[in-house]
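Structural features, examined
Given next are the chains, with one letter for each unit.
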Amino acid sequence: MALSRASLQSRLGSLLRPGGVAPWRWGRSRAAAAAPVSDRHDAASRPPSPWRQTVRSRLLVSAGFLACWTAGIEARLVYLQVIDHTELLARADKQQMRTLNPAAKRGEIFDRHGRVLAYSVDADSIAADPSDIDDADAVGAELCHALDDCTADRRAQIVRSLSTRKSFVYIARQVSPEEARRVKGLALPGITLFKESRRYYPNSDLAAHVIGYVGLDNVGLGGIESAYDAQIRGNSGKVLIQTDNKRRALFSRVERPATAGAGIELTLDEYLQHVAERELRAGVEQNHAQGGSAIVMDPHTGEILALANWPTFNPNTFNRADDDEKRNRAIQTLYEPGSTFKIVTASAALEQHVITPDTLIDTNPGSITFPGRKPIYDTHKYGVIDFTDVIVKSSNVGAIKVGLKVGPQALTDYVSRFGFGQTLGPDFKGETAGIVWSADRLDQSALASVSMGYQVGVTALQMVTAVSSIANGGHLIQPRVVRAFIKDGRRVEVPHREMRKTIEPDTAATLTTIMEQVVERGTARAAQIEGYTIAGKTGTAAKLVKGHYQKSDYNASFVGFIPSRNPAVTILVVIDSPHGNGYTGGAVSAPVFKRIAEAALTYLGVGPNLNAPPPVLVARRDLREADPEAEPQPAVAMTATGLPAAIPAVQPGLMPDLRGQSAREALRALSRIGLAARMSGDGLVVDQRPAAGAVLVAGEACTLTLGRRAPAPGVRP
């Protein structure tokens, strides 16, 4: 439709004018323009259409919402990418990278001759993926039926584990081969078996308290396994495994390989350990006792050759043993030693020159009384006896009177010197220090108790270490069970360590002589072994229960070393609460000592040192042939034992000639003239210092050398 010029100018003018009609409103404008003037005035005065306002407002709201949403997204992205970046990165690594720490193989444990006492083996463990199990109750029942000793509680625990949402749960760890075979035969979905390292003890309960045991996580929980866990366990490895979103492994990388732990060579001897355990168990059962301990020690090095306790346990199944069976009585159980502690009282008295072996002690009337306590009795009325007999007959009254002369300060000093009231070595984890009172807390009554072995708490290890210091001449050697560490093919020996000096050698020799008589004619005659001199002491102490001493329960003990001169072993036997063939140390523990000592001497090849068989002498037939003019040697009358029949008489003040005498005869002769003796070797006396005929010097000790071959007849220094 053609527009007239005037009409076009009019329309353009309206567009250019303020308030003119927009082009998109031309249709309506045309209509409006076509409308009469009065109608246009009416339309202009009408309010805008409502739907326009609605659309406009909705558009504004949508635009605002879109702007907020966009701003929120941007803010979240900034937070994740900038602020929380490090944490999210670590979380992603954790989800995608799994780290495994394969346990290192624990080092092996050997006895002193290289016989294996403990090593590691692979064992089966049972695990499950609960997400693959539909019926937890049914699967739990089948597993429980396949496992040994599965109780209702354990079955319920298995079912609870299978009902979780975890991807991995343990069902049973380190099971027996038979259990693993039965579970594998079930072929249950979601149940898997895998290998773990497990400790194995081939000798079952042999030396269980010394070796200890290892938990499920390859950590030592007792004995040497715990004391040296850091060295035995080695260092675990590290393996990185990258997984996908379904935890499936894509690749793995060994960051650090596992390194095996060090091996340990113990001082124990497997055979002697077996003998000690066998005889201790027999002694406990024969006497209907609650338990006991036995220790065999080398007194010169402090090495423990055997350490036995009863009751005991099997470390392969340690979780089935109770606490009493797993308790190492030798280092953890305190007991009042009774008369064996009189050795300490005697040492202090002799060393301080308070008494001599011949000092007379009046034990009448067979008891002694202190204010506020019951009288202390001897088992017999001994009257006036010398100090040697106080120890030999184990007189409580005599020991108390000597202890009172020594005094609280000196006695406690010697108690400490002998190692009581303190732990003795790093090899014995869990060792008890014992109970020892300070000097200022010892009144007359308490001092009397300590003098006869009461009111102190000691361990068997402390007692055998103290007596070993007398056996070796007065050196307190640290007890130990670790002989060497073996790492990377190198054997590093652990040297023995002297802790301190306890008494002088002369005092030790005097005590040895007294202790020999305890076995020869005193309370420990049941410990005698034909052909050997033994120095020892018995102990019988009533047990203290809830503050009261029992009249039916005692700790019966015997400690001694053999051969008494140059001893090979020190042996202690403690029996707890015997109720059979007596209750004293001489009746109960001394026979056990004897059986252990006999086996040990035979095994160690220690020959008799008392009345040893005479040497076999073979005459040279060619003597006259080689020298026809040689004068024949005068015949010497020999006794049935091969000794010279005539021994020069002892002249007062001069050293007698002891050559050719047996060890026991020489000791008796020296004892009569008041000399201590130091002996070395076995057999008959072949040499002596001082020499025969020398002037005697007070306090001097005589050194005797024993040998198998008798000295030449007629040859005198």
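By the element assignment, Thr388 lies in helix α16 (residues 387-392). Not counting residues within four places of it along the chain, the set of residues in contact with Thr388 comprises Pro357, Ile514, Gln517 and Arg521.

A few words now on helix α6 (residues 136-146). Residues that lie three or four places apart on an α-helix share one face, since the helix turns once every 3.6 residues. Here α6 has its buried residues at Ala136, Val139, Gly140, Leu143, Cys144 and Ala146. All buried residues of α6 fall inside an arc of 160° around its axis, so they share one side. Away from its buried face, by an angle of more than 90 degrees, α6 presents the exposed residues Asp137 and His145. Here α6 starts with a cap whose side-chain oxygen sits 3.3 Å from the backbone nitrogen of Asp137, and that cap is Asp135.

On inspection of all chains with the given rule, the structure shows 10 aromatic pairs. Connected via pairs of aromatic rings, a cluster forms that spans Tyr213, Phe313 and Phe318. One residue, Arg173, lies across the ring of Tyr170, its end atom 4.4 Å from the ring centre. The aromatic ring of Tyr414 is capped on one face by Arg417, whose charged end is 4.3 Å from the ring centroid.

Grouped together as the largest cluster of nonpolar side chains are 113 residues, with contacts concentrated most on Ile224, Leu266, Ile304, Phe341, Phe387, Phe420 and Ile470. Not counting chain neighbours up to four residues away, the residues in contact with Phe341 comprise Val415, Phe420, Val450, Gly453, Val456, Val458 and Met463. Membership of the second largest hydrophobic core comes to 19 residues, among which are Ala136, Val159, Leu162 and Val169.

A few words now on the packing of helix α12 (residues 270-286) against helix α22 (residues 585-604). In the contact formed by α12 and α22, the axes pass within 9 Å of each other and the chain directions differ by 165°. By the angle between their axes, α12 is roughly antiparallel relative to α22. Taken as a pair, α12 and α22 cross one another with a handedness that is right-handed. In this structure, α12 uses Tyr271, Leu272, Val275, Ala276, Glu279, Leu280, Ala282, Gly283 and Gln286 to contact α22, whose residues at the interface are Val592, Arg595, Ile596, Ala599, Ala600, Tyr603 and Leu604. For the contact of α12 with α22, the residue count by class is 12 nonpolar, two polar and two charged.

Turning to the sheet that holds strand β22 (residues 548-562), a few remarks are in order. Spatially, five strands are ordered β12-β11-β23-β22-β21 in an open sheet, and the strand pairing comes out antiparallel. Every other strand in the sheet has two partners, leaving β12 (304-310) and β21 (535-545) as the edge strands with one partner each. Within this sheet the neighbouring strands show an average axis-to-axis angle of 10°, counted without direction. Where β21 and β22 come together, 10 bridges link them in antiparallel fashion. Paired with Gly536 across the strands is Gly560, a residue of β22.

The next point concerns the pattern of salt bridges. When their charged atoms lie close together, side chains carrying opposite charge are able to pair. Under the criterion given, the structure shown has 30 salt bridges. Among the ionic pairs, Glu279 bridges to Arg278, the shortest N-O distance being 3.0 Å. A relative accessible area of 10% means that Glu279 is categorised as buried. Across the salt bridge formed by Glu303 and Arg483, the nearest N and O atoms sit 3.8 Å from each other. Highlighted residues: Glu303 in the loop between β11 (291-297) and β12 and Arg483 in strand β18 (residues 482-487), separated in sequence by 180 residues. If you follow the salt bridges from partner to partner, you end up with Arg112, Glu265, Glu303, Arg480, Arg483, Arg491 and Glu493 in one network.

What follows concerns unusual backbone geometry. Residue Pro365 follows Asn364 across a cis peptide bond; omega there is 0°. Tracing the chain through its elements places Pro365 in the loop between β13 (360-362) and β14 (367-368). The residue after Arg689, namely Pro690, is reached through a cis peptide bond having omega 5°. Locating Pro690 in the fold gives a position in the loop between β25 (684-689) and β26 (701-707). Non-glycine residue Ser204 carries a positive phi angle of around 55°. Residue position: Ser204 is located in the loop between β5 (191-200) and α9 (208-211).

Another aspect to go through is the state of the cysteines. Considering all chains together, one arrives at one disulfide under this definition. A sulfur-sulfur distance of 1.9 Å marks the disulfide that ties Cys144 to Cys150. On the sign convention where negative means left-handed, the S-S torsion of about -115° between Cys144 and Cys150 marks this disulfide as left-handed. When its relative accessible area of 11% is taken as the criterion, Cys144 is described as buried.

The rules we used
- Residues numbered from 1 in each chain as written.
- Predicted model: local features only at pLDDT ≥ 70, side-chain atom pairs only at ≥ 80, totals over all residues.
- Heavy atoms only, no water.
- Helix = DSSP H or I, 4+ residues; strand = E, 2+ residues; numbered from the N terminus.
- Contact = heavy atoms within 4.5 Å.
- Buried < 20%, exposed > 50% of the residue type's maximum accessible area, 1.4 Å probe, protein only.
- Arc of directions from axis to C-beta.
- Polar contact = N/O pair within 3.5 Å; in protein donor to acceptor, adjacent residues only side chain to side chain.
- Phe/Tyr/Trp six-rings, centres within 6.5 Å; stacked < 30°, edge-to-face > 60°.
- Lys NZ or Arg CZ within 6 Å of the ring centre and 35° of its normal.
- Core = buried A, V, L, I, M, F, W, Y, C linked by side-chain atoms within 4.5 Å.
- Axes fitted to C-alpha atoms, helices over the stretch in contact; angles between N-to-C directions.
- Parallel < 35°, antiparallel > 145°, perpendicular 65-115°, else oblique.
- Left-handed = near helix turned anticlockwise from the far one by under 90°.
- Nonpolar A, V, L, I, M, F, W, Y, C, P; charged D, E, K, R; others polar.
- Pairing = 2+ DSSP bridges.
- Salt bridge = Lys/Arg side-chain N within 4 Å of Asp/Glu carboxyl O.
- Disulfide = S-S within 2.5 Å.

By themselves, these observations are geometric and do not establish any function.
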